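The lines below spell out each chain.
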Amino acid sequence: MTGTDGGPAAAVPGVGDPVEDPCLTLWRWARDSAEAADGATLERAAGCVAAAVTDMVLSARVSRHRAAAAALAGAPGACTVSGLPERAAMAGAVLANAYLMHARLTDDSFRVAAHPGLAVVPVALAAAEDTAHRTGRPVDGARLLRAVVGGYECACRLADRLLPEVSHRGWRVTSMIAPAAAAATMALTLGLPDEDATAALGLASSAGGGPLGVVSAAGDAWRLQPALAVQAGVSAAVAAMAGLRGGTGALAGPHGLYGLFGDGAEAWPRARGAAVHHVTFKRYPVAMYGQSIFDAFRGRSPVSGSAERVTVRVAPFAAGYGGGQKASADSISSVEGIVLAAVREFHPDLRTNAASIAVIGDPALPDLTARIDVVLSDGRRLALVGDGDTSGWEPADFERHCTRSLGDAGASLCRSAAALPEQGDVSRLFASWRAAR
């Protein structure tokens, strides 16, 4: 039985059942969502894969990110690392590709703050490639996409359970959800039995963590932090396959993730269809809530002069994320910094500075909307509105995005991902990925 968008219906076992192992409940959501995925959901997963690999390729074209990926990849093996001629062992490939996916802050988002794709797509790709090398049997394209659907389900349901409290308490939600999401994705790609998969989630849940302070200061820690959490999830799955078992306390115990970092709710949020349909995608290299700010400035013909005052209204979560106005203007979380970057991009002849920018958290605004009022020194006033919600992207949007980013190589990559449900293996996708280097 399926629900809206191909996700499991509300009657999926485990919801509201206080005696069931919380890790089994989470695994069932991931597994059942993967199994129930219809054509539209697999099509959406293919778009997520294409967008994710595009992010990896673009980051690998930057020498410092390519050098970091090469260092992170470590030992040689069977798995592709974007931008590198050499292949790496699975764990190293996952770490390097997850880093590349997030390095320019262009990867997908869920509920503004979470980045589920980096915990899912690099794992599914590496596990599929490693399996094909070890067994001599390629992984079926539809199976790969179903693993992606289930991985997103795990990541997003955990984000639902923890947000916004986890951020208010000073922790980065992506690094909290990434270990379990990576473990679930690996379990689905490899077809692990329920016992091993549940154990993998239990072990992975004990590795969640990451201070939010990395997003409110300059430096590269924010780029690497989520990838380290993803690698922990892969290691947890490997350990579970070797026979290690995790207890239930890491998720729902007195000192587990739900209690320490969430609101302590006993039940899961109401099902709303497969989570992969609710992911948003970035058009600009800034935080998800900054997409609307860039959209607002882009929508206005170029303005010159001097800004006396810029008032930015965004949702309260965006206004306070990462310390709000206490964050460094050079950090990725700073709304002021995002405004300055948007002005430089679209209005280079408009003079402004951080001191002239006031940020207001407006509860009446949707999470991905911005309203900006600019008062110029000559008395002119500009009223700008921006919308950053890209959750409605269709296949044509993904192809435009990949083509705009990578040219013909991006178009080939997107078409290869879209063809996965009909393919007996994933070799065409990997060939397109390596050619895009």
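Residues numbered from 1 in each chain as written. Predicted model: local features only at pLDDT ≥ 70, side-chain atom pairs only at ≥ 80, totals over all residues. Heavy atoms only, no water.

Our focus in this paragraph is the packing of helix 2 (residues 39–60) against helix 17 (residues 408–418). At a minimum axis distance of 8 Å, the contact between helix 2 and helix 17 shows a crossing angle of 150 degrees. Considering how the two elements wind past one another, helix 2 and helix 17 form a crossing that is right-handed. Together, Ala46, Ala50, Val53 and Thr54 of helix 2 and Leu413, Cys414, Ala417 and Ala418 of helix 17 make up the contact between the two elements. The residue inventory of the contact of helix 2 with helix 17, partitioned by class, reads seven nonpolar, one polar and no charged. (Axes fitted to C-alpha atoms, helices over the stretch in contact; angles between N-to-C directions. Helix = DSSP H or I, 4+ residues; strand = E, 2+ residues; numbered from the N terminus. Left-handed = near helix turned anticlockwise from the far one by under 90°. Contact = heavy atoms within 4.5 Å. Nonpolar A, V, L, I, M, F, W, Y, C, P; charged D, E, K, R; others polar.)

Before going further, it helps to examine the pattern of salt bridges. Taken as a whole, this structure holds 17 salt bridges when the rule is applied. Across the salt bridge formed by Arg434 and Glu129, the nearest N and O atoms sit 3.0 Å from each other. Taken together, the positions of Arg434 in helix 18 (residues 427–435) and Glu129 in helix 5 (residues 117–135) put the pair 305 residues apart, joining distant regions of the chain. Residue classification places Arg434 among the partly exposed residues on the basis of a relative accessible area of 32%. (Salt bridge = Lys/Arg side-chain N within 4 Å of Asp/Glu carboxyl O. Buried < 20%, exposed > 50% of the residue type's maximum accessible area, 1.4 Å probe, protein only.)

Attention now goes to the nonpolar core. The biggest cluster of nonpolar side chains holds 155 residues, and the ones touching the most others in it are Leu125, Val230, Ile293, Phe297, Val312, Val339 and Ile372. Ranked by residue count, the leading element in this core is helix 8 (residues 173–190), at 13 residues. Excluding residues that lie within four positions of it along the chain, Val230 makes contacts with Val94, Ala98, Leu118, Ala119, Val123, Ala178 and Ala182. (Core = buried A, V, L, I, M, F, W, Y, C linked by side-chain atoms within 4.5 Å.)

Our next topic: the confidence of the model for the protein. Taken over all residues, the pLDDT of the protein has a mean of 91, while the share at 70 or more is 92%. In this model, residues 1–17 is a region of pLDDT below 50 whose contacts with residues beyond four sequence positions or in other chains number 39 contacts. (pLDDT = per-residue confidence, 0-100.)

With that out of the way, let us pick up unusual backbone geometry. Note the cis peptide between Leu163 and Pro164, where omega equals 0 degrees. For Pro164, the location among the structural elements is in the loop between helix 6 (141–162) and helix 7 (165–168). With phi around 50 degrees, Arg111 is a residue other than glycine that occupies positive phi space. Mapping Arg111 onto the fold places it in the loop between helix 4 (90–102) and helix 5.

Here the structure, examined in full by the defined rule, presents ten aromatic pairs. Judged by centre distance (5.4 Å) and plane angle (90 degrees), the ring pair of Trp393 and Phe398 falls under edge-to-face. Of the two residues, Trp393 and Phe398, neither departs from the other in class, the shared state being buried. Three or more aromatic residues joined by ring pairs form one cluster here, namely Phe281, Trp393 and Phe398. Across the ring face of Trp29, the terminal group of Arg157 is positioned such that the distance to the ring centre comes to 3.6 Å. (Phe/Tyr/Trp six-rings, centres within 6.5 Å; stacked < 30°, edge-to-face > 60°. Lys NZ or Arg CZ within 6 Å of the ring centre and 35° of its normal.)

Here we come to the pairing of strand 5 (residues 369–376). Within strand 5, six of the eight residues are buried, leaving the element largely enclosed by the surrounding structure. Counting the residues in the hairpin turn of strand 5 and strand 6 (residues 381–387) gives four residues, including Gly379, whose phi is positive at 95 degrees. (Pairing = 2+ DSSP bridges.)

Our next topic: helix 2. Under the 1.5 Å per step criterion, the end-to-end length of helix 2 is 32 Å for 22 residues, consistent within 8% with the ideal 32 Å. Counting buried positions over the 22 residues of helix 2 gives 18, a clear majority of the element. (Expected span 1.5 Å × (residues − 1).)

Helix 13 (residues 291–298) sits mainly inside the fold: six of its eight residues count as buried. Those residues of helix 13 that sit buried are Gln291, Ser292, Ile293, Phe294, Ala296 and Phe297. In this fold, the buried residues of helix 13 make contact with strand 2 (305–314), helix 15 (335–346), strand 5 and strand 6.

This structure, assessed with the given rule, holds zero disulfides. Left unpaired, Cys414 is separated from the closest cysteine sulfur, that of Cys402, by 4.3 Å. (Disulfide = S-S within 2.5 Å.)

Moving on: the side chain of Ser167. The topology assignment puts Ser167 in helix 7. Judged by its relative accessible area of 9%, Ser167 falls in the buried class. Apart from residues no more than four positions distant in its own chain, Ser167 is found in contact with Leu212, Phe317 and Tyr321.

Okay, the environment of Thr311 next. As for its placement among the helices and strands, Thr311 is situated in strand 2. Distance from Thr311 to Asp373, taken between C-alpha atoms, is 5.1 Å for residues 62 residues apart in sequence. Beyond its immediate chain neighbours, meaning those up to four positions away, Thr311 contacts Ala358, Ile360, Arg371, Ile372 and Asp373.

Considering the arrangement of structural elements, one finds Leu420 in the loop between helix 17 and helix 18. With a relative accessible area of 0%, Leu420 lands in the buried category.

Let's shift gears to the pairing of strand 2. Direction of pairing for strand 2 relative to strand 3 (residues 350–351): parallel, over a ladder of two bridges. Its bridge partner being in strand 3, Gly305 is matched across the sheet by Leu350. The pairing of strand 2 with strand 5 spans six bridges and is classified as antiparallel. Pairing of Thr311 across the sheet is with Asp373, part of strand 5.

Locating Val279 in the fold gives a position in the loop between helix 12 (257–261) and helix 13. Sequence spacing of Val279 and Ala200 is 79 residues, and the spatial spacing of their C-alpha atoms is 25 Å. Once residues lying within four places of it in the same chain are set aside, the contact partners of Val279 are Arg44, Asp108, Ser109, Pro116, Tyr152, Cys156, Thr390 and Ser391.

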